[in-house]
Amino acid sequence: MCLAIYKPAGATVEKDRLRNSFNRHPHGAGFAIAKDGKVVIRKGFFSFDKFWKAYKKVPTSRAMLIHFRWATHGEHTKENCHPFRLNASTAMIHNGVIKRVLVKDKGSDTSNFVKRILAPIVNQHPNFIHTTHGQKVLSLAIGESKVVIMNHTGKPVIINEHKGHWDKDCWYSNDTYMPRPAPKYSGFASKPKAHSSE
């Protein structure tokens, strides 16, 4: 299971949350920034230190897509890391498995979905993802998955938004960024044997 995050302009994601996310999804991280009328993508981070070094340079005022990958299909490569570009002004991230797509060329389900299905549609019909009908088609195509698409203004389209949640002004596709609670004492540990007085 991957983790997809949408960070609006002005919001922040704490470093501890990012570190937790990376540690639980170690197969590659990346982010996209809405900047100067286009979407800038940085991805292929396979260590948290390298990810953080790049991430902390981004001003809080920028809207972002952030993604941490747990591979279900495809190799652990920069090419299979998210975000994926749909066109010069749009990028997307995904959490889940897209079952209705043929996985080819050592890619992932997401990379194949973008390359062979969604990007060609968006390039021919840029408003497709912003229409009610387009979003319904996307929802049917991805099933139980969650997808976030962001354009150059930082405006998001979140497919299956209700399957994730908002926390501190940011949207998360699941709760794997949260700290894990310490194990609770079960009460079933064996009691120490009493010593004989003899």
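A short tour of the structure in this document, coming up. (Residues numbered from 1 in each chain as written. Predicted model: local features only at pLDDT ≥ 70, side-chain atom pairs only at ≥ 80, totals over all residues. Heavy atoms only, no water.)

1. Concerning the pattern of salt bridges
Phase 1: Per the stated rule, a full pass over the model turns up five salt bridges.
Phase 2: Across the pair R17 and E14 runs a salt bridge, and its minimum N-O distance is 3.6 Å.
Phase 3: Measuring nitrogen to oxygen at the nearest pair gives 3.0 Å for the salt bridge that ties E14 to K168. With E14 in the loop between β1 (3-7) and α1 (15-24) and K168 in the loop between β9 (165-167) and β10 (170-172), this residue pair connects regions lying 154 residues apart in the sequence.
Phase 4: A relative accessible area of 30% means that E14 is categorised as partly exposed.
Phase 5: One connected set of salt bridges, linked through shared partners, spans E14, R17, D167 and K168. (Salt bridge = Lys/Arg side-chain N within 4 Å of Asp/Glu carboxyl O. Helix = DSSP H or I, 4+ residues; strand = E, 2+ residues; numbered from the N terminus. Buried < 20%, exposed > 50% of the residue type's maximum accessible area, 1.4 Å probe, protein only.)

2. With respect to the sheet that holds strand β2 (residues 29-35)
Phase 1: In space, the six strands of this open sheet follow the order β3-β2-β4-β1-β10-β9, with antiparallel pairing throughout. Of all the strands in the sheet, just β3 (38-45) and β9 have a single pairing partner and so form its edges. Neighbour to neighbour, the strand axes of the sheet diverge by 20° on average, direction disregarded.
Phase 2: For β2 and strand β4 (residues 64-68), the ladder comprises five bridges, and the chain directions are antiparallel. Bridging from a neighbouring strand, I33 pairs with M64 of β4. (Pairing = 2+ DSSP bridges. Axes fitted to C-alpha atoms, helices over the stretch in contact; angles between N-to-C directions.)

3. Things to note about the packing of aromatic side chains
Phase 1: Scanning the model with the defined rule gives 13 aromatic pairs in all.
Phase 2: Through successive ring pairs, a cluster of aromatic residues spans F22, F31, F45, F48, F51, W52, Y55 and F68. (Phe/Tyr/Trp six-rings, centres within 6.5 Å; stacked < 30°, edge-to-face > 60°.)

4. Concerning the pairing of β3
Phase 1: Bridging between β2 and β3 involves seven bridges; their strand directions are antiparallel. Residue pairing in the sheet places I33 in a bridge with V40 of β3.
Phase 2: Hairpin connection of β2 to β3: two residues between the antiparallel strands, including D36 at a positive phi of 55°.

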